[in-house]
Structures are given as structure tokens and as C-alpha cells.
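# Structure assessment
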Amino acid sequence: MIMGRKEEVMEVLYKSTRSENAPVTASMAILKGLSEDGGLFVPTQIPKLDVKLSDLAQMSYQEVAYEVMSRFLSDFTEEELKSCIANAYDAKFDTEKIAPIKEVNGVYYLELFHGATIAFKDMALSILPHLMTTAAKKNQVKNEIVILTATSGDTGKAAMAGFADVPGTKIIVFYPKHGVSAIQEKQMVTQKGDNTYVVGITGNFDDAQTAVKKMFNDRQMAKELDAAGFQFSSANSINVGRLVPQVVYYVYAYATLLRDGKIQEGQKINVVVPTGNFGNILAAYYAKQMGLPIQKLICASNENKVLFDFFRTGTYDRRREFKLTSSPSMDILISSNLERLIYSLTGEDPKLCRQMMESLSKDGCYTITEEMREGLSDFYGNFCSEGETSEAISATFYGGGYVLDPHTAVAAGVYQKYLRQTEDSTVTVIASTASPYKFARSVMGAIDSTRYEGLGDFQLIEALTKVSGVPIPKAVEEIRTAPVLHDRVVDACDMPDTVREILGI
Ligand SMILES: *Cc1c(COP(=O)(O)O)cnc(C)c1O
């Protein structure tokens, strides 16, 4: 078949942030995950959004996804990419809009939590498996892909939901048996799908993570796997196959506001993103570089405010106390995806980028040059304390009748600080990264601390549906009654043998 339109598309390749190694195709970048030199893959150029915004405004989520992703993944055929999109953004989402927008007191919340695990990681993890199996076919990889993941709770579940029953893949998730919440464990051990395996380990998250990394680097094990027709791959957030799908919803949000008459074509908007690993906000930065009219990228941190300090001082310093907060998915001291921004700020100098990243791992910090700091003017950074986060939840509930999860509340609180400092009246979209149902305890505590004290998890969920009027999502309803399908528990040191046993080798 001749793909007429495809021939007009400029080829985008992916190069490493840490060396001048030859760039690879998009499909290879997705298969490899990380460059061999330890760097991240970045596009050789950010493609232009060469579709009229008013045309995008008429499109469905899937159509916008195709317009955006085809520009980045230029070695995928139209047929391949459309099939990946159709398989990802389907009835797994509880709304046809996939990423609807809610207006609350003049602010627009882009709800990225309508997928299988009611958090924003579903946006990328629902398509990654399809991109990966398509990439494997394109590159004549005959082996079955085995995704190996260590999880502290959320990512493992979202990855499983994405890979469940995807032909040509298996997924094995290790979690600390005593290190995740009861609901998180229930979500994982009830996971369906003949190709999903969940294993608890007697150890902490670091033990699981370390053992997984070791298996990835174990050449002997790689040989054994290859002989049996398998190869490992990773679904972590630095994969290009997770980054590119995240650009889509910023374009779609703009298109939705335009269609609904909330903005004029070409009018600039601000975007606020609750940030941990810097993946979500980097996608917004790429959207801006594609030509989407974005003014400020507002980066919101919780009490682990490494990024706020970085934007303020030009020094990234992870040498500090790690704080456990009510927004656990943002409890991060090393924001891996920031490396892509650093690379861009250096004027794409892999040597300088490598130096900074090496100094981060050796000394725990690095400082960017004055010149590089000028490139940060697209960004505004701030943070919310635990008290401010809780206040944002109650203020938005009592003032707007809308219930925020703690991650989104961090963003809402930071946006209020931004408004007080700048009085900027630009139309603003807040990336809403999780359903409040995922964090019912913190949310109900913020709404009324005395009334909801001492209630069980499902009682809190009942209370939340009463006060918010939002129906309980299917994902929550299901785990109440779903049977436990996985009950394996092993020592961290036995993880490789467990993998062999699962694969029958
Ligand atoms: C992962 C996550 C974030 C942080 O996103 P990054 O891309 O890591 O910056 C924010 N909120 C929720 C609910 C998440 O799961």
C-alpha cells in the first residue's frame, strides 16, 4: 500500500543526550528505552505542528493523537500508528473524550485520569505496549518481549493494565510485600490477563529495583532468554514511547478550549503541571516547541522541591532529606526527564550534559551556566507544603464544588501563588493527574478532618461519592470484589530464578 501522506513527513530520528553516537529510528528508540551510553533519547528536531488549530478543534482524541504522534514517530506507517492508537484509547477509558476538561471558577482542569488505573500514567502506558510490539515487528525482533518492573505501587499496576493480554508480551511486576498500601496491593494482585505476573518480595522497593536493574544488565541471563525466545524490555518513564503520547493531550486541551469558544485561535494559554520525574511537563514543553501557543509552563512541586530550587538558583541539588507526602507520585529527588531539558539548554552539547549528569550521580548536584538559565524563561517553578496542599483541596471543594486529588491540589496551590505574584490573566490549564478516589483518605481529611477520621478505605470512598456527586470509578468498584489472582512471595535474591520459572526456562 502506498501511504501518500507519510512521504511528506520529515524524518525524525533519536539521538542520545550523552554522546555523538549515530541517531536511531523512533521504533529503535522505543525498543531500547535508554541509549547504550546511559543517555536519554531525544528527537533530532522537534517537528512542527503543521495542522491548523481550527482543524484540530474538530478532531477526536484519537485523531489528534495521530496528528501529533505521526510527526514524532516518523518510521511508523499510518496504518501501524492508527492501529496502536485505536487499541490504546478505547473502552478502557470511561469517557469518549479520553481527556475531558472541567472548568472550575475560570480555571480549566484537564482530567488525565479516566483510564484503567485512574491516574495519568494510563495516558502513555495504554499505548506503549502497542508501540513496542509494532516496533519489535518493524525491526525483525522475533523474541517475545518480557517487561520487567519494580514498583512502589502505582506504575506497576498501570504498566500491567497496559500490557495485559497484548500478544507478544509478558509483564512481571515485583513489589515490596510490606511496602505498598492495602489498596495498591489489592489493585495489583487482582490483575487479570494471562501474560501478567505479580510477585511480592520480602524486602523494600530499593531491593526490588536493584535486582531488576541487575537482571537487565545480566548478559548470561540475556543469552538464556534469547535461546528460549524472550528478551527483556522496560516500561519506565524515560522511554520515548511514554513521552510522545503525553504531548498529545496538551494539543487536545488547546483544541477543546478553541472548539468550546473559550479561546481564540492562536491565543496563548498557561499550563500547570504537578511534577515528579519531569516527564509530563517536558511533554508540554515539546508541545510548545511544536508551535502550540503556550506561554508559561508552571512546574508545581510538593515538599520535595528540588525543581523549585533549581529554577530559582540554577543549581540542582538532591542532597536533602527525602519527604513522604500526600502526593507520593511526586516524592522524587532525581527527576530523570530533566536531563532532556538540560540537553536542550546546553544547545545540544552531549559532553556538557554528560558532565552535569555525572556530577549529579557523583556529587549529588550540578549548576547550569548563566546562558543556560536564560533558556528557563519558559518555566515558572514553585511548591506547596502539605498544609497548602490540603488547603487547596478544601478551597476548591468549598469554593467550586470540585474535588482534587493531592497531586492536582499541589498544582492548584502553586497556580494561586503564581497568580498572586504575577497577576497574569492568561487562560490556564491545570493537568489533573489522578482521580481523588485514588487518594480518598487524604482528600476526605482535607475536606473535614474530624468527621472522616477513623473510617476504613471503602467507607471513605462512599463518603467521597456522597460529597462530590462523582460516581465511584469502575477501577475502584472492581477491586472491592475482584478475586486475588497472584499470591507469589519470594526473597529479593530469588527474583532471577522466579523470572526463569515464570518463563519456563
Ligand atoms: C507520575 C505522577 C506525577 C508526576 O509526573 P512526572 O511525569 O513524573 O513529573 C504526578 N501525579 C501523579 C498522580 C502521578 O502518577
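Look above for the structure.
All values derive from a computational prediction rather than experimental measurement. (Residues numbered from 1 in each chain as written. Predicted model: local features only at pLDDT ≥ 70, side-chain atom pairs only at ≥ 80, totals over all residues. Heavy atoms only, no water.)

A few words now on the pairing of strand S6 (residues 169-176). Of all eight residues in S6, eight are buried; the element is thus mostly enclosed. Side chains Thr169, Ile171, Val173 and Tyr175 of S6 all project onto a buried face; the interleaved residues Lys170, Ile172, Phe174 and Pro176 project onto the opposite face, where all are buried too. Pairing of strand S5 (residues 144-150) with S6 involves six bridges; the strand directions are parallel. Note that in S6 the partner of Ala150 across the bridge is Phe174. Chirality of the crossover, the property in question, places the unit of S5, helix H7 (residues 154-163) and S6 among those that are right-handed. Pairing analysis gives six bridges linking S6 to strand S7 (residues 196-202), with the strands arranged parallel. (Buried < 20%, exposed > 50% of the residue type's maximum accessible area, 1.4 Å probe, protein only. Helix = DSSP H or I, 4+ residues; strand = E, 2+ residues; numbered from the N terminus. Pairing = 2+ DSSP bridges. Right-handed = clockwise from strand over helix to strand, strands pointing away.)

Further remarks concern the environment of Tyr316. By the secondary structure assignment, Tyr316 is in strand S11 (residues 315-317). In this structure, the C-alpha to C-alpha distance between Tyr316 and Ser234, residues 82 residues apart in sequence, is 27 Å. Apart from the residues lying within four places of it in its own chain, the contact partners of Tyr316 are Val306, Leu307, Phe310, Leu333, Ile334, Ser335, Leu338, Leu360, Gly364, Cys365 and Tyr366. (Contact = heavy atoms within 4.5 Å.)

Along the chain, the position of Ala29 falls in helix H1 (residues 26-32). Residue Ala29 is classed as buried on the basis of its relative accessible area of 0%. Spatially, the C-alpha atoms of Ala29 and Leu73 are 9.9 Å apart, while their sequence positions differ by 44 residues. Excluding its chain neighbours within four sequence positions, the residues that come into contact with Ala29 are Tyr14, Val24, Phe41, Asn239 and Val240.

On to the environment of Glu303. With respect to the helices and strands, the residue Glu303 is situated in the loop between strand S10 (294-301) and helix H13 (306-313). Given a relative accessible area of 24%, Glu303 falls into the partly exposed group. Placed 75 residues apart in sequence, Glu303 and Asp378 show a C-alpha to C-alpha distance of 23 Å. Setting aside residues up to four positions removed in sequence, Glu303 forms contacts with Lys323, Thr325, Phe383, Cys384, Ser385 and Glu386. Among the polar contacts made by the side chain of Glu303, one reaches the main-chain amide nitrogen of Glu386 at a distance of 2.8 Å. (Polar contact = N/O pair within 3.5 Å; in protein donor to acceptor, adjacent residues only side chain to side chain.)

What follows deals with the site of the ligand. By nearness alone, 14 residues border the ligand, and Lys121, Gly276, Asn277, Asn280 and Thr433 come closest of all. At 3.0 Å from an oxygen atom of the ligand is found a main-chain nitrogen or oxygen belonging to Phe278. Burial of the ligand by the surrounding chains reaches 95%, relative to a free accessible area of 380 Å². Class assignment of the residues belonging to the shell around the ligand gives a composition of five nonpolar, eight polar and one charged. (Near = heavy atom within 4 Å. Areas by Shrake-Rupley, 256 points an atom, 1.4 Å probe, with all protein chains shown as cover. Nonpolar A, V, L, I, M, F, W, Y, C, P; charged D, E, K, R; others polar.)

To continue, consider the sheet that holds strand S4 (residues 107-111). What the six strands build is an open sheet, ordered S3-S4-S14-S9-S10-S13; its pairing is mixed. If you trace the sheet from one side to the other, it starts and ends with strand S3 (101-104) and strand S13 (379-383), each paired once. Direction aside, neighbouring strands of the sheet carry axes that sit 25° apart on average. Relative to strand S14 (residues 428-432), S4 runs parallel, the two sharing four bridges. Each residue of the ladder has a partner; that of Glu111, found in S14, is Ser432. Packing of helix H12 (residues 279-290) onto the sheet brings it into contact with strand S9 (269-274), S10, S13 and S14, and relative to S10 it is tilted by some 175°. (Axes fitted to C-alpha atoms, helices over the stretch in contact; angles between N-to-C directions.)

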